[in-house]
Amino acid sequence: MAATVDTKTVEGQINDLKIDSTEATTIATNGNSNGKAESDDEDEAEDGAAATASSGDKKKKKKKSNKKKKKKIVAIDSSYPDGVFPEGQWMEYPLEVNSYRTTSEEKRYLDRQENNKWEDFRKGAEIHRRVRHKAQSSIKPGMAMTDIANLIEDSVRSYAAADHTLKAGVGFPTGLSLNHVAAHYTPNTGDKIVLGKDDIMKVDIGVHVNGHICDSAFTMSFNEEGKYDKIMEAVREATYTGIKEAGIDVRLNDIGAAIQEVMESYEMEENGKVLPSSVSKT
């Protein structure tokens with residue numbers, strides 16, 4: 001005999017329990033998704049940590065690779081163990097009356113007897129060339145003048161590597177002349193002057209080997225707007241002219257006149273004013 005079910009009674013019992021099928025479904029779904037989300041969060045955290053560690057390692061490697069090792073200065077003699085140094089540029093005698101100095105076998109023989117003296121000059125010139133390159137690549141605005149002078153003079157001493165200053169080393173105190181100062185200013189201990197980006201600086205370096213002095217100077221500017229471009233060009237061309245005119249038995253006043261003529265052919269503009277270039281008479 002089949003049992004009879006009162007559907008109304010069952011519905012009432014369900015309503016008494018207050019079960020919402022939609023809510024139940026939502027709870028079940030959320031329960032599963034939260035569990036999955038928590039699992040996903042853990043996976044993402046692990047992946048993130050691994051990625052951070054990996055990127056950290058890469059950065060460390062990059063920092064290591066970007067960190068340039070400072071090139072140690074070694075004695076110039078180690079580069080030329082035979083004691084023969086680069087000769088540099090040979091200049092021809094400009095006057096016919098002096099041509100016998102290169103054609104005469106006797107004169108050439110006498111020159112060879114003094115070869116040691118010329119090797120001293122060539123050694124000094126090579127030291128000067130390397131120190132000049134180091135200075136030009138290292139000097140930056142914001143450096144104290146004393147630090148610049150020490151950089152240059154310490155480099156000279158390192159290349160010379162002499163056991164006594166009378167044998168080789170600094171020829172004279174380094175000249176670092178700013179702006180209106182034409183030449184021969186040397187910072188002393190306690191000097192507070194700092195090189196600025198709008199300064200123009202004349203650097204004068206001396207190197208000696210056994211008392212034979214090599215002297216050379218150059219000009220540096222850091223203005224990014226080209227404020228000093230014209231005067232720098234004038235100085236460069238005037239210098240090349242002086243070298244071209246130089247030679248044995250040439251009168252110094254003739255070389256100076258040629259330099260002055262080139263220098264004064266230039267002009268520069270500053271604050272809207274056109275200013276003629278002129279030579280410094282000291």
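Above: the structure in question.
All residue numbers refer to positions counted from 1 along the written sequence of the respective chain. Totals for whole chains, interfaces and linings use every residue, but because this is a predicted model, local features are given only for residues with pLDDT of at least 70 and side-chain atom pairs only at 80 or more, for both listing and counting. Calculated side-chain values reflect all of the structure's heavy atoms, with hydrogen atoms and water omitted.

### With respect to the pairing of strand β3 (residues 212–221)
Part 1 of the argument: Strand pairing follows a simple DSSP-based rule, namely that at least 2 bridges must link the two strands. In this description a helix means any DSSP run of H or I spanning at least four residues, a strand means any run of E spanning at least two, and both kinds are numbered starting from the N terminus. Pairing of strand β2 (residues 200–209) with β3 involves 10 bridges; the strand directions are antiparallel. Across the sheet, residue Lys202 finds its bridge partner in β3, namely Thr219.
Part 2 of the argument: Turn length for the β2-β3 hairpin, with the two strands adjacent in sequence and antiparallel, is 2 residues, and the turn residue Asn210 shows positive phi of about 55°.

### Digging into the sheet that holds β2
Part 1 of the argument: Pairing is antiparallel in the open sheet, where 3 strands are placed in the order β1-β2-β3. At either end of the open sheet lies a strand with only one pairing partner, and these are β1 (168–178) and β3. Looking at each pair of strands side by side, their axes are set apart by 15° on average, direction ignored.
Part 2 of the argument: Relative to β2, β1 runs antiparallel, the two sharing 8 bridges. In the strand pairing of β2, Gly175 is matched with Asp204.
Part 3 of the argument: Whether two residues are in contact is decided by their heavy atoms, any of which lying within 4.5 Å being enough. All axes are obtained by fitting lines to C-alpha atoms, using only the stretch in contact for helices, and the reported angles, taken between N-to-C directions, cover 0 to 180 degrees. Each of β2 and β3 touches helix α7 (residues 229–245); the most contacted strand, β3, lies at about 155° to it.

### Some points on the packing of helix α5 (residues 115–138) against helix α6 (residues 145–160)
Part 1 of the argument: Where α5 meets α6, the axes come as close as 10 Å, and the angle between the chain directions of the two elements is 145°. By crossing handedness, the relation of α5 to α6 is classed as right-handed. Along the contact surface, α5 presents Ile127, Arg130, Val131, Lys134, Ala135 and Ser138, while α6 presents Leu151, Ile152, Ser155, Val156, Tyr159 and Ala160.
Part 2 of the argument: Split into classes, the residues belonging to the contact of α5 with α6 amount to 8 nonpolar, 2 polar and 2 charged. Two helices crossing with the near one rotated counterclockwise from the far one by less than a right angle form a left-handed crossing, whereas a clockwise rotation gives a right-handed crossing. Three categories are distinguished: nonpolar for Ala, Val, Leu, Ile, Met, Phe, Trp, Tyr, Cys and Pro, charged for Asp, Glu, Lys and Arg, and polar for the others, with Gly belonging to the last.

### Brief notes about the pattern of salt bridges
Part 1 of the argument: When a carboxyl oxygen of Asp or Glu is within 4 Å of a side-chain nitrogen of Lys or Arg, the pair counts as a salt bridge. Overall, the coordinates contain 10 salt bridges when judged by the stated rule.
Part 2 of the argument: When the shortest N-O distance is used, the salt bridge between Arg112 and Glu105 registers 3.3 Å.
Part 3 of the argument: For Arg112, a relative accessible area of 46% gives the class partly exposed.
Part 4 of the argument: A 1.4 Å probe rolled over the protein chains alone gives each residue an accessible area, and that area as a share of the maximum for its type sets the label: buried under 20%, exposed over 50%, partly exposed in between. We classify Glu105 as partly exposed; its relative accessible area is 46%.
Part 5 of the argument: Close ionic contact of Arg122 with Glu119 constitutes a salt bridge, the shortest N to O distance being 3.5 Å. Here Arg122 and its partner Glu119 are both found in helix α5, 3 residues apart, which amounts to about one turn of the helix.
Part 6 of the argument: Look at Arg122 and you get buried, because its relative accessible area is 15%.
Part 7 of the argument: Here the residues in one salt-bridge network are Glu105, Arg108 and Arg112, joined through shared partners.

### Details of the layout of surface pockets
Part 1 of the argument: With a 1 Å grid laid over protein atoms only, a set of points is called a cavity when a 1.4 Å probe fits there but cannot get out and a pocket when it is open yet has protein on both sides within 12 Å along at least five of seven lines; lining residues have an atom within 4 Å of a point. Grid points are joined across faces, edges and corners, and a volume is the space filled by probe spheres set on the points. Within this model, the second largest pocket holds a volume of roughly 480 Å³.
Part 2 of the argument: For the second largest pocket, the lining is made up of 12 residues, of which Lys71, Lys72, Ile73, Lys134 and Tyr159 are closest to its centre.
Part 3 of the argument: In terms of residues, the lining of the second largest pocket owes the most to one element, α5, which gives 6 residues.
Part 4 of the argument: Residue composition of the lining of the second largest pocket, by class: 3 nonpolar, 3 polar and 6 charged.

### Remarks on the packing of α7 against helix α8 (residues 252–263)
Part 1 of the argument: Viewed as axis vectors pointing N to C, α7 and α8 meet at an angle of 155°, and their least axial separation amounts to 8 Å. Classified by the angle between their axes, α7 and α8 sit roughly antiparallel to one another. Where α7 crosses over α8, the two elements pack in a sense that is right-handed. Mapping the contact onto sequence places Ile231, Ala234, Val235, Glu237, Ala238, Thr241, Gly242 and Glu245 in α7 and Ile255, Ala258, Ile259, Val262 and Met263 in α8. In these notes the angle categories are as follows: under 35 degrees is roughly parallel, over 145 is roughly antiparallel, 65 to 115 is roughly perpendicular, and the rest is oblique.

### Focus on the side chain of Asp191
Part 1 of the argument: Turning to its location among the elements, Asp191 is positioned in the loop between β1 and β2.
Part 2 of the argument: Within the buried core, Asp191 has no salt-bridge partner, and the shortest N-O distance to an opposite charge, that of Lys192, equals 8.6 Å.
Part 3 of the argument: At 2.8 Å, the side chain of Asp191 forms a polar contact with the backbone nitrogen of Ile193.
Part 4 of the argument: In this view, Asp191 contacts Thr146 and Tyr185; residues no more than four positions away in its chain are not counted. This count recognises Lys and Arg as positive and Asp and Glu as negative, with His and chain-terminal groups excluded. Pairs of N or O atoms within 3.5 Å make up the polar contacts considered here, provided that, within protein, one atom can donate a hydrogen while the other can accept it, and that residues adjacent in sequence are counted only when both atoms are side-chain atoms.

### Some thoughts on unusual backbone geometry
Part 1 of the argument: Its identity is not glycine, yet Ala161 carries a phi of approximately 50°, on the positive side.
Part 2 of the argument: Here Ala161 is to be found in the loop between α6 and β1.
Part 3 of the argument: Of the residues examined, Ala161 reaches a relative accessible area of 49% and is grouped as partly exposed.
Part 4 of the argument: The phi dihedral of Asn210 is positive, around 55°, even though this residue is not glycine.
Part 5 of the argument: Classification of Asn210 by relative accessible area gives partly exposed; the value is 46%.

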